[in-house]
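Given next are the chains, with one letter for each unit.
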Amino acid sequence: MNTLLTLTAFFLIGASIASAQNKDKEVRIGVLGLFHAKQIVVSPVAGESLRCKTGGESWAVRGPMAVELNGSMLGVASADNVPGKILSCDDGAGRSAKFVVNVPGKISRRYSGKLEITPGARELRVIVIMGLEIAVASIVAAESPPHAPLEALKAQAVATRSFLLAGKGQHQGFDFCDTTHCQFLREPPATKTAPSQAAVETSGLVLSYKSEVLAAMYSRSCGGRTHALSDLGIPVRGYPYFAVTCNYCQRHPEKWVTKIDAADATSLAPTESARLQLVRKLGWKAIPGNSYSSRTENGDVILEGVGVGHGIGLCQRGGADMARQGASFQQILEHYYPNTEVKQY
């Protein structure tokens, strides 16, 4: 779910969620990496301050500012065209700013945070350093099923916050990316929307297992029963993820059928690593989930499965249905993450 913002709502979201924070936490999120951009354009949101610096120079950004990859350096269309190795931007006082990052001809997205751009080997690396609760609200808005009830969104918010606090180290140079490798992240949701409310009303709450914050995993639909880590050949180093029944997905399984050639099928195995290896080669729709059967037909292998995603932890479709039936976010989390507790971090 990608919430479009009015400018007024966009101005308010930072203050609304920041006021609910009980700890000053930030996360470094690599954004727009899927576009492999060699040029981006950075603009301040109208009425907002944006100040950038690189190569020992600092300047106020008044309008669109182009940043290009120039070998091992950045080419920045600032007042003095100052080259540099790192461009950093904030409100001029070291605090979050409101700005737009545009990959010309591809995508434009608003952010609330501090911006950092560095040259990579073949593309620009764009990082937004944002407050934890703004990141939580943004991810809840992007990850959750359409029209999910508030209690389901609150369960998602707790799982998301737990992942952001305990799951760092996914990338070199930043904590997380904005894709399914980590968690979807889009623009911050408007204030008073359900994703924003879910973040505010669960502010500071995390999932804990044996007194440690859990980097909570979740997926779109589980096919009727979630997986333990051992089911998928994933080593257990903390929480084992107990397999639980999902009543909604048993009644309404998300079914899929795909076809792969026999040569690729030799790599099939009942592990998440085997699935990931194949989908990176064939595309994510080749094997959408881990619960499937196979048969040979005219030299090809037909896969018939249920559930989308790895099927570990919270089932988003199942959690939404539990909320529709009157379950609280705590009850949803207790069901999909047995033997954990919800606590303030």
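Here, every reference points to the structure presented above.
The model shown is predicted, which means the values in this text are computed figures rather than measured ones.

Definitions and limits used
Residues numbered from 1 in each chain as written. Predicted model: local features only at pLDDT ≥ 70, side-chain atom pairs only at ≥ 80, totals over all residues. Heavy atoms only, no water. Pairing = 2+ DSSP bridges. Helix = DSSP H or I, 4+ residues; strand = E, 2+ residues; numbered from the N terminus. Contact = heavy atoms within 4.5 Å. Disulfide = S-S within 2.5 Å. Buried < 20%, exposed > 50% of the residue type's maximum accessible area, 1.4 Å probe, protein only. Phe/Tyr/Trp six-rings, centres within 6.5 Å; stacked < 30°, edge-to-face > 60°. Lys NZ or Arg CZ within 6 Å of the ring centre and 35° of its normal. Salt bridge = Lys/Arg side-chain N within 4 Å of Asp/Glu carboxyl O.

Trainee: Now, about the pairing of strand S7 (residues 87–90): what can you tell me, with residues and values included?
Mentor: Bridging between strand S3 (residues 51–54) and S7 involves three bridges; their strand directions are antiparallel. The partner of Cys52 across the bridge, within S7, is Cys89. Pairing of S7 with strand S9 (residues 107–119), which is carried by three bridges, proceeds in the antiparallel orientation. The partner of Leu87 across the bridge, within S9, is Ile117.

Trainee: Go over the environment of Val301, please, and point to the residues and values.
Mentor: Looking at the element boundaries, Val301 is found in strand S17 (residues 300–306). Distance from Val301 to Lys343, taken between C-alpha atoms, is 47 Å for residues 42 residues apart in sequence. Those residues in contact with Val301, other than ones at most four positions away along the chain, are Thr258, Lys259, Ile260, Ala262, Ala265, Leu268, Ser294, Arg295 and Thr296.

Trainee: Describe the state of the cysteines, naming the residues involved and giving the relevant values.
Mentor: Summed over the entire model, instances satisfying the criterion amount to one disulfide. The disulfide partner of Cys52 is Cys89, and the gap between their sulfur atoms is 2.0 Å. Between Cys52 and Cys89 the sulfur-sulfur dihedral comes to about 110°; the bridge is accordingly right-handed. Taken as a pair, Cys52 in strand S3 and Cys89 in strand S7 lie far apart in primary sequence, 37 residues in all. With a relative accessible area of 1%, Cys52 lands in the buried category. Cysteine Cys177 remains unbridged, with the sulfur of Cys182 as its closest cysteine sulfur at 3.6 Å. Exposure remark for Cys177: the relative accessible area of 10% places this residue in the buried category. Unpaired in this structure, Cys246 has its nearest cysteine sulfur neighbour in Cys222, at a distance of 3.7 Å. In this structure Cys246 comes out as buried when scored by relative accessible area, which is 1%.

Trainee: Before we move on, could you go through the environment of Gly299 and cite the residues and values that matter?
Mentor: Within the secondary structure, Gly299 is located in the loop between strand S16 (291–297) and S17. Judged by its relative accessible area of 47%, Gly299 falls in the partly exposed class. Separated by 214 residues in the primary sequence, Gly299 and Lys85 place their C-alpha atoms 53 Å from one another.

Trainee: Help me get a handle on the sheet that holds strand S13 (residues 212–213), residues and values and all.
Mentor: Spatially, S13-S12-S19 is the arrangement adopted by the three strands of the open sheet, whose pairing is antiparallel. Where the open sheet ends on each side, the last strands, each with one partner, are S13 and strand S19 (341–344). Two elements, strand S12 (residues 205–209) and S13, share two bridges in a ladder whose sense is antiparallel. The residue bridging Tyr209 from the neighbouring strand is Glu212, located in S13.

Trainee: An account of unusual backbone geometry is requested, with residue identities and associated values reported.
Mentor: Unusually for a residue other than glycine, His147 sits at a positive phi of about 65°. Mapping His147 onto the fold places it in the loop between helix H2 (132–143) and helix H3 (150–166). A relative accessible area of 76% places His147 in the exposed class. With a phi angle near 55°, Lys210 is a residue other than glycine that sits in the positive phi range. Since its relative accessible area comes to 68%, Lys210 is described here as exposed.

Trainee: A description of the packing of aromatic side chains should follow, citing residues and the corresponding values.
Mentor: The tally for this structure, following the rule as stated, stands at seven aromatic pairs. Ring centres of Trp256 and Tyr292 lie 6.1 Å apart, and the angle between their planes is 55°; this geometry places the pair in the tilted category. Of the two residues, Trp256 is situated in strand S15 (residues 255–261) and Tyr292 in strand S16; the sequence distance between them amounts to 36 residues. Since its relative accessible area comes to 26%, Tyr292 is described here as partly exposed. The positively charged end of Arg324 is found above the aromatic ring belonging to Tyr248, 5.8 Å away from the centroid.

Trainee: Can you tell me about the pattern of salt bridges, naming the residues and giving the values?
Mentor: According to the stated counting rule, one finds 14 salt bridges in the structure shown. Put simply, Arg28 and Glu116 hold a salt bridge, and the shortest N to O gap is 2.7 Å. Of this pair, Arg28 sits in strand S1 (residues 26–30) while Glu116 is found in strand S9, placing the two residues 88 residues apart along the sequence. In this structure Arg28 comes out as partly exposed when scored by relative accessible area, which is 25%. Owing to a relative accessible area of 15%, Glu116 belongs among the buried residues under this scheme. Among the salt bridges present, the one from Lys281 reaches Asp264, with a minimum N-O distance of 2.6 Å. Residue Lys281 is located in helix H7 (residues 272–282), and its partner Asp264 is located in helix H6 (residues 262–265); the two are separated by 17 residues in the primary sequence. Through salt bridges with shared partners, one network takes in Glu151, Lys154 and Glu201.

All we've got here are geometric facts, nothing functional implied.
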